[in-house]
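# Topology and contacts: notes
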Amino acid sequence: MLQLVGVSKSYGDQQAVSDIGIVAPAGRRTVIVGPSGSGKTTLLRLISGFERPDDGSITLDGQPLDSVPPHQRNIAYVAQEGALFPHMSVADNIGFAMPRRATDCLARIDDLLARVGLPTSMKSRRPHELSGGQQQRVALARALAQQPALMLLDEPFSALDAGLRKNMRDMVETVLREAGIASILVTHDQSEALAFADHLVVMQAGRVADAGPPQRLYDRPNTAATARFLGPAIILDGDIRDGLAHTVLGAIRVDATGSRRASILLRPEQLTVSPVQVGTSQIAEATVLSRLYQGASWRLKIACPGLDQPIDIVTSAHHVATADTVHLRVDGEGHVLPEKT
Amino acid sequence: MTVTTDLQSIRAIPKPRARWEGPSFILCAAVVTGLLSLLPLAFVLYVALTSGWQAIADLVLRPKVGTLLLNTSALLAIVLPVSAVLALAFAWLIERTDIPFARFWSWIMVAPLAVPAFVHSYAWSAFAPRFHGLGAAVLVSILAYLPFIYLPIAAQLRRLDPALEETAQSMGKSPPIVFLRVVLPQLRLAIMGGALLIGLHLLAEYGLFVLTRFDTFATVIVDQFQSVGNGPSTNLLGGVLVLLCLILFGLETRLRGRERYARVGAGAARSRRRSTLGRWTWPALTLCGSFALLSLAVPAWTLLRWLASGGAEIWRFDFILPALGQTALLTLSGAALTTMAALPIAWLTVRAPSRLQKLLEAAHSYVGALPGIIIALALVTVTVNVYLPLYQTVAILLFAYVLMFLPRALVGLRTSIAQAPVELERAATSLGRPLSAIWHTTIRLAAPGALASAALVGLGITTELTATLMLAPNGTRTLAMRFWAHTSELDLAMAAPYALLMVLLSVPLVVLLHGGADRMGQA
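Rules used throughout
- Residues numbered from 1 in each chain as written.
- Chains lettered and ligands numbered in written order.
- Predicted model: local features only at pLDDT ≥ 70, side-chain atom pairs only at ≥ 80, totals over all residues.
- Heavy atoms only, no water.
- Helix = DSSP H or I, 4+ residues; strand = E, 2+ residues; numbered from the N terminus.
- Buried < 20%, exposed > 50% of the residue type's maximum accessible area, 1.4 Å probe, protein only.
- Contact = heavy atoms within 4.5 Å.
- Areas by Shrake-Rupley, 256 points an atom, 1.4 Å probe, with all protein chains shown as cover.
- Pairing = 2+ DSSP bridges.
- Phe/Tyr/Trp six-rings, centres within 6.5 Å; stacked < 30°, edge-to-face > 60°.
- Lys NZ or Arg CZ within 6 Å of the ring centre and 35° of its normal.
- Core = buried A, V, L, I, M, F, W, Y, C linked by side-chain atoms within 4.5 Å.
- pLDDT = per-residue confidence, 0-100.
- Domains from an automatic or database assignment.
- Buried area = accessible area lost by both parts, 1.4 Å probe.
- Salt bridge = Lys/Arg side-chain N within 4 Å of Asp/Glu carboxyl O.
- Polar contact = N/O pair within 3.5 Å; in protein donor to acceptor, adjacent residues only side chain to side chain.
- Nonpolar A, V, L, I, M, F, W, Y, C, P; charged D, E, K, R; others polar.
- Axes fitted to C-alpha atoms, helices over the stretch in contact; angles between N-to-C directions.

On to the overall build of chain B. Counting its regular elements, chain B contains 24 helices and zero strands. Scored against the burial criterion, the 523 residues of chain B give a buried share of 56%. In chain B, once contacts between residues fewer than 6 apart in sequence are set aside, the share between residues at least 24 apart is 85%. For chain B, the exposed area adds up to about 22,400 Å²; of that, 70% sits on carbon and sulfur atoms.

See below:
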């Protein structure tokens, strides 16, 4: 288990990360997500030992890493584009990471290539002869060859196209799960973070904004900023009374009691669009501004009286046309944000 | 019907031009320059064949040739590895550590190029008159030529993606192992290129070794020419020198290999953190300072001493100004022509290696090891026998410069083209007009390297002596010619202003070279 307590790092006047506290459980996939400049990569570099924290401590399985140089930490690092050694073949790249030239070295290279879904015939190829996806697979095989206690992945899928990215993500997830290696993946892609993580850490402006299971962070974030960062969010002002929030969309069930004014988070997928009014509860009227055909569904942009911004909603209601008046129903309950936006 | 129409319209789409159009044009250009480069070799072979085998055996298999071979081998065997190790150490200290005043030291490492090799030698022979022979030749050679190998190594060190080294370290490899197995192999092209450049200079240099009283093939050839003229002995020694050059070139090609050096991946390489020297700061500063003292302070001290002792009398501007103008004109035009002539073969070497390309590269490179006098003799013979009006014209002199300095341009161009990702060029070529594609991608990316190469060539021309003496139109008097004339008459004070001017004239070129290497490292 990796633990960071009160870790801070600055470069001159620039505070890169501040008072970071993170726990990456053994054998689990931790994802650090945040916008560019939020300190994600600095955090990885601190963990891998390429930077020293100004404050705080980092421990791996209870052992402090403060004075341990990078090459003695047994933490594998997979860089953004694989960082394969250009002067070595695929086999040499993987063999480089093996602790010692064992007699079963070649067999292990074959096994690792198979695990990352590459044919053994690629062993003699040079990195520039591989596609981006193949390079990343070799980089992963190389990191696995090291048998590390922890694997750090620095935006490993960012250079790949969308289709390949999903395949790679699934493959990496499977390989890490089978190997039982704890990992920390850094990304700025929310959907990638939600799909990959067992444990999600959201970073903003060099600080941990929120951390926990991905579904909890998506449904019940601590801040409006985290809510917006993790996906499309509808944040409404409302008066809470008797477990209901009274908003411009009507009375919405919420996860809080008492009486107060608060910000309520709804996700667009909680809204159902209907051309006609069905029932009387939680119903608001809206106007369709535009629609975009997506095959199995439509993406509607709708304007709702009382809301500053139009809302994007994905719906299967194919009879709805632009300029139509539609009726919105809120499914499930809204989340009361702890802070006022 | 619709399908038919679509197919017709597809057929109607003009086909893109053949992909090999660019390379074939480039190949033709390289063949032309390659064939022209063979002129001096053809001349040596012609003389050798017309001399008869018995004469060849008598002239080549003599103890004197054995001694020269031993001298030249010893020079190469000591200067090349020592220069490589020193350049590697300096480049690492300056580019990778927190040594104080790193930028200043990077200038210091390049600054000796502003002092011509024979001026280094002139300074040392005046500073320590009893210091001569192999030791002096080795020391002065290292001091004069070290920048040739330092520059490409430093540029390559700056270019290396730090993620490679960090990844290697995260795999449990200590920093020395990472340096040996990850960094050093990627410096191979730079080291080999720089070593070849120095090696070719050592084979062709004349003035440096005359003043350090160390016999090499070049000094003996020139001495023989001056004493007995263009005889078979002179030409056959030239043939041995050509053979040595080819051996050196073959060795470099073999050791260089066919590795890939460009960074793999699309994103920009991250900047790196410098290693902390700690208690090694002072030894590192002492090492850099010692080099500065030996390579710059000694020539500066000698020059200043002669300038001071000569007083106002040695500043004969009626001689100095014309010499300055002529040198500048020849330098600029020669450098531009040579770099353009080197482009086709540099591109072929990196992008389209083949047996023909290797032959052409050999044809372009061997000529750099020939002393200026061999090239000059060949051109004198050709012009006198084939087309006399060309004899002693600016055109033939510039042609001699192109032949002499083409290998120098080739080394820098080859490295910078190798650094330009081939994927960009292929993508642009797929859009048609291959020549334009190559121009707008690879050549533009290689432009800083080309500029550095032109600067290197310019440095050579500024101080070229023997070929200029033989081929220049009547009335031409360059700075080097004036300097050598006074030095030969042991009038060291009169030679000092010309030495100073050659140094000053070389300074902008050194600045250009340093800037070019900087950009090359950052690209």
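Turning our eyes to something else, we now look at the sheet that holds strand β20 (residues 335-336) of chain A. Residue and element names in this part refer to chain A. Pairing in this open sheet of five strands is antiparallel, and the strands run β13-β12-β11-β14-β20 from one edge to the other. Strands with a single pairing partner mark the edges of an open sheet, and in this sheet they are β13 (250-253) and β20. Of the strand pairs in this sheet, strand β11 (residues 234-241) and strand β14 (residues 260-266) are connected by seven bridges, and their pairing is antiparallel. Of the residues in β14, the one forming a bridge with Asp237 is Ser263.

With that settled, the discussion passes to the packing of aromatic side chains. In this structure the tally under the stated criterion is 16 aromatic pairs over all chains. Ring geometry for A:Phe85 against A:Phe96: centres 4.9 Å apart, planes inclined by 70 degrees, an arrangement best described as edge-to-face. Of this pair, A:Phe85 sits in the loop between β6 (75-78) and α2 (90-97) while A:Phe96 is found in helix α2, placing the two residues 11 residues apart along the sequence. Each of the two residues, A:Phe85 as well as A:Phe96, counts as buried. Considering the side-chain rings of B:Trp124 and B:Phe127, the 5.7 Å spacing of their centres and the 80 degrees angle between planes classify their relative orientation as edge-to-face. Separated by three residues within a single helix, B:Trp124 and B:Phe127 lie in helix α7 (residues 117-127), roughly one turn from each other. In this structure B:Trp124 comes out as buried when scored by relative accessible area, which is 8%. Members of the aromatic cluster, joined through ring pairs, are B:Phe118, B:Tyr122, B:Tyr206, B:Phe483 and B:Trp484. A cation sits over an aromatic face here: A:Arg142 above A:Phe85, 4.6 Å from the ring centre.

Here we come to the nonpolar core. Across soluble globular proteins, you tend to see nonpolar side chains buried next to one another. Core analysis: the largest hydrophobic core is formed by 158 residues, its most contacted members being B:Tyr150, B:Ile153 and B:Phe483. Not counting residues within four places of it along the chain, the set of residues in contact with B:Tyr150 comprises B:Ala87, B:Phe90, B:Ala91, B:Ile94, B:Glu95, B:Ser106, B:Met109 and B:Val110. With 80 residues, the next largest nonpolar core counts A:Leu44, A:Leu112, A:Ala141 and B:Leu164 among its residues.

All names here are of chain B. Averaged over chain B, the pLDDT score is 83; the fraction of residues at 70 or greater is 90%. Confidence drops under a pLDDT of 50 for residues 1-21, and excluding neighbours within four residues, the segment shows five contacts in the predicted structure. Low pLDDT (under 50) marks residues 265-269, which in the prediction has seven contacts with non-local residues, meaning those over four places away or in another chain.

Let us look at the domain arrangement of chain A. Residue and element names in this part refer to chain A. When its domains are assigned, chain A resolves into domain 1 (2-228) and domain 2 (232-336). One C-alpha centre belongs to domain 1, the other to domain 2; they are set 38 Å apart. Listed as interface residues are seven residues of domain 1 and, on the opposing side, eight residues of domain 2. Each partner contributes to the roughly 720 Å² buried at the junction of domain 1 and domain 2, and carbon and sulfur atoms together form 46% of this total. Contact with domain 2 buries surface across domain 1, with Tyr218, Arg220 and Ala227 losing the most and accounting together for 66% of the total. Linking domain 1 with domain 2 are two salt bridges. Note that Glu333 is salt-bridged to Arg220, the shortest N-O span being 3.3 Å. Between the two partners, domain 1 and domain 2, sit six residue pairs in polar contact (both at pLDDT 80 or more). Tallying contributions element by element places helix α8 (residues 224-230) first for the side of domain 1 that touches domain 2, with three residues. Within the side of domain 1 that touches domain 2, the residues separate by chemical class into four nonpolar, no polar and three charged.

Moving on, we get to the pairing of strand β19 (residues 325-330) of chain A. All names here are of chain A. Bridging between strand β15 (residues 271-274) and β19 involves four bridges; their strand directions are antiparallel. In the strand pairing of β19, Val273 is matched with Leu328. Inspection of the sheet shows strand β16 (residues 283-293) paired to β19 by five bridges, in the antiparallel sense. Paired with Ala284 across the two strands is Leu328, which belongs to β19.

All names here are of chain A. Tracing the backbone shows Thr226 in helix α8. The class of Thr226 is buried, set by a relative accessible area of 0%. For Thr226, the contacting residues outside a window of four places in its chain are Val202, Gln204, Ala209, Asp210 and Pro221.

Moving on: the pairing of strand β9 (residues 199-204) of chain A. If a strand is regular, its side chains alternate between the two faces of the sheet. Residues and elements named next belong to chain A. Of all six residues in β9, six are buried, a share of seventy percent or more. Residues His199, Val201 and Met203 line one face of β9 and the alternating positions Leu200, Val202 and Gln204 line the opposite face, and both faces are buried. As paired strands, strand β3 (residues 29-33) and β9 are joined by four bridges and run parallel to one another. Across the sheet, the residue bridging to Val33 is Val202, located in β9. Here β9 pairs with strand β10 (residues 207-212) via five bridges, running antiparallel. Looking at the pairing, Val201 lines up with Ala211 of β10. The hairpin turn running from β9 into β10, its antiparallel successor, is two residues long, and Ala205 in that turn takes a positive phi close to 50 degrees.

What follows concerns the sheet that holds β16(A). All names here are of chain A. Sheet architecture is open: five strands sit in the order β15-β19-β16-β17-β18, paired in antiparallel fashion. Every interior strand has two partners, whereas the edge strands, β15 and β18 (311-315), have only one. Between one strand axis and the next, the sheet turns by 45 degrees as a mean value, whatever way the strands run. As paired elements, β16 and strand β17 (residues 298-303) share six bridges and run antiparallel to each other. In the strand pairing of β17, Thr287 is matched with Ala303.

A separate point is the pattern of salt bridges. Oppositely charged side chains can form a pair if their charged atoms are brought close together. Residues and elements named next belong to chain A. Scanning the model with the defined rule gives 24 salt bridges over all chains in all. Here Arg165 makes a salt bridge to Asp189, at a shortest N to O gap of 3.4 Å. Residue Arg165 is located in helix α5 (residues 162-179), and its partner Asp189 is located in the loop between β8 (182-187) and α6 (190-196); the two are separated by 24 residues in the primary sequence. In the salt-bridge network here, residues are joined through shared partners; they are Arg28, Arg29, Glu173, Arg177 and Asp198.

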